[in-house]
Amino acid sequence: MAAFEFGSFHQNPHNRTAVPEAVTPEPVAEALPEPVEAAHLHPHPQPPIIQEPILTLKIYDSCRSKDCLGPQELGPVRDFDGNPIHPPAEARSVTIDNPNVCRISIMKKQPSPFRNGFWDIEIQYLLEYEMRYFGADGSQFDLCTGYSTITRRVSLFGSVGRNISSFTDLFGNAGIMSGNGEPFVHVEAKAMPLTAEIVGRPCPRGEEPPHRHIVVTLGLFSIVKLFRVASLLVESRGFLIPPVCRNLAPTNPCDFFDELHFPMDSFSPPQKREFAAGISLDIPSGKGKDSHCGCTSTAECDIVF
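Residues numbered from 1 in each chain as written. Predicted model: local features only at pLDDT ≥ 70, side-chain atom pairs only at ≥ 80, totals over all residues. Heavy atoms only, no water.

Thoughts on the sheet that holds strand 1 (residues 50–69)
Put simply, the test is: Criterion used throughout: strands pair if DSSP finds at least two bridges between them. Secondary structure elements are taken from DSSP: a helix is a run of H or I of four residues or more, a strand is a run of E of two residues or more, and numbering for both begins at the N terminus. Axis definition: a line fitted to C-alpha atoms, over the contacting stretch in the case of helices. Angles run 0 to 180 degrees between N-to-C directions.
An order of 1-8-7 is seen for the 3 strands of this open sheet, with the pairing classed as antiparallel. Each edge of the open sheet is held by one strand with a lone partner, namely strand 1 and strand 7 (184–199). On average, adjacent strands in this sheet sit at an angle of 15° to one another, irrespective of strand direction. Where strand 7 and strand 8 (residues 213–236) come together, 15 bridges link them in antiparallel fashion. Counterpart to His-186 in the pairing with strand 8 is Lys-225.

Some details on the sheet that holds strand 3 (residues 118–134)
What the 3 strands build is an open sheet, ordered 2-3-4; its pairing is antiparallel. Of all the strands in the sheet, the pair left with one neighbour each is strand 2 (93–111) and strand 4 (140–157). In this sheet, neighbouring strand axes are inclined to one another by 15° on average, regardless of whether the strands run parallel or antiparallel. Bridge count between strand 2 and strand 3: 15 bridges; the pairing is antiparallel. Following the sheet pairing, Ser-105 is matched in strand 3 by Gln-124.

Re the pattern of salt bridges
Here is the rule: For salt bridges, the criterion is a side-chain nitrogen of Lys or Arg within 4 Å of an Asp or Glu carboxyl oxygen.
Overall, the coordinates contain 8 salt bridges when judged by the stated rule. With a closest N to O distance of 3.7 Å, Glu-274 and Arg-273 form a salt bridge. What you see here is one network of salt bridges that share partners, running through Asp-67, Glu-73 and Arg-152.

Section: a nonpolar patch on the surface
Selection rule: For patch detection, residues must exceed 30% relative accessible area and be free of salt bridges, and they are connected within 9 Å for like charges or within 5 Å for nonpolar side chains (Val, Leu, Ile, Met, Phe, Trp, Tyr). Note on areas: Shrake-Rupley with a 1.4 Å probe; residue coverage comes only from the protein chains shown.
A cluster of nonpolar side chains, Leu-55, Leu-57 and Val-229, forms an exposed patch at the surface whose accessible area comes to about 300 Å². Tracing the backbone shows Leu-55 in strand 1.

Digging into the packing of aromatic side chains
Heads up, the condition is: Note on ring pairs: Phe, Tyr and Trp rings are taken, using the six-membered ring of Trp, and paired if centres are within 6.5 Å. Classes follow the plane angle, with under 30 degrees stacked, over 60 edge-to-face and the rest tilted. For a Lys NZ or an Arg CZ to count as sitting over a ring, it must be within 6 Å of the ring centre and within 35 degrees of the ring normal.
Applying the stated rule across the entire model yields 5 aromatic pairs. Ring geometry for Phe-118 and Phe-157: centres 5.7 Å apart, planes at 70°, overall edge-to-face. Taken together, the residues span a long stretch of sequence, with Phe-118 in strand 3 and Phe-157 in strand 4 at a distance of 39 residues. The ring of Phe-118 is capped by Arg-115, whose NZ or CZ atom sits 3.8 Å from the centre of that ring. A cation over a ring is seen here: Arg-228 above Tyr-60, with NZ or CZ 5.9 Å from the ring centre.

Below is the structure:
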């Protein structure tokens, strides 16, 4: 029988046999920490804080909105020219996907007659999305693009403008920034598909299709900001010095793959309780482990059926 040297035997987690205790090594004198120099704490001395004037786009007021837009607000789905879209006669249902706010137009911007310093803004959103038609047997047979238009009004503080003109050649000869002291409008928006439905009675074979149309319900998130070009005095540490570029070489695909977790959830999808609790069965791969199962030893790779 082979003799095991104390301190060099590793216990197998699947082995219930008693394991000899390792000999406690002699205590080693703890090394005193080296004195920390000031250069280690601040390898690059910080420049002093100074005050500098900058020309920037200052936000005077902003607001956000979350709207559920139904058929009463959007009306029937239309094509790009504004004509209602009539589904094919054999279509029994429709779905929408990939919505996009493809155009935002400022229809009106004028001082509020009720609140001094506020501006009434009218914004028009053009929403674009894909529509897929399905027959009575559930088969998909057509794909087209639909459009919807919605107008929203907001009132934001933009301060009182004066009849002055400002100009910059940053954008060429067409670089007039402002001609009557109005603030500028910045709009961000995102659309979300909710439901789609074909309205109208399907016709029997051989008859003329009735005037059926499509209605949708969309969600719209939007942020509106009023800003002006302003000169500000800010505290600064001088010009920004970019760091040295690193990781210029392309990533090794095998190194990237080795860092991924084994997708156990794809082979054994979590049950309702685990799914609701956010519990994942994915197994960390661990760099440098055996390639056949991602384990450090054969004993840890045992699969229980």
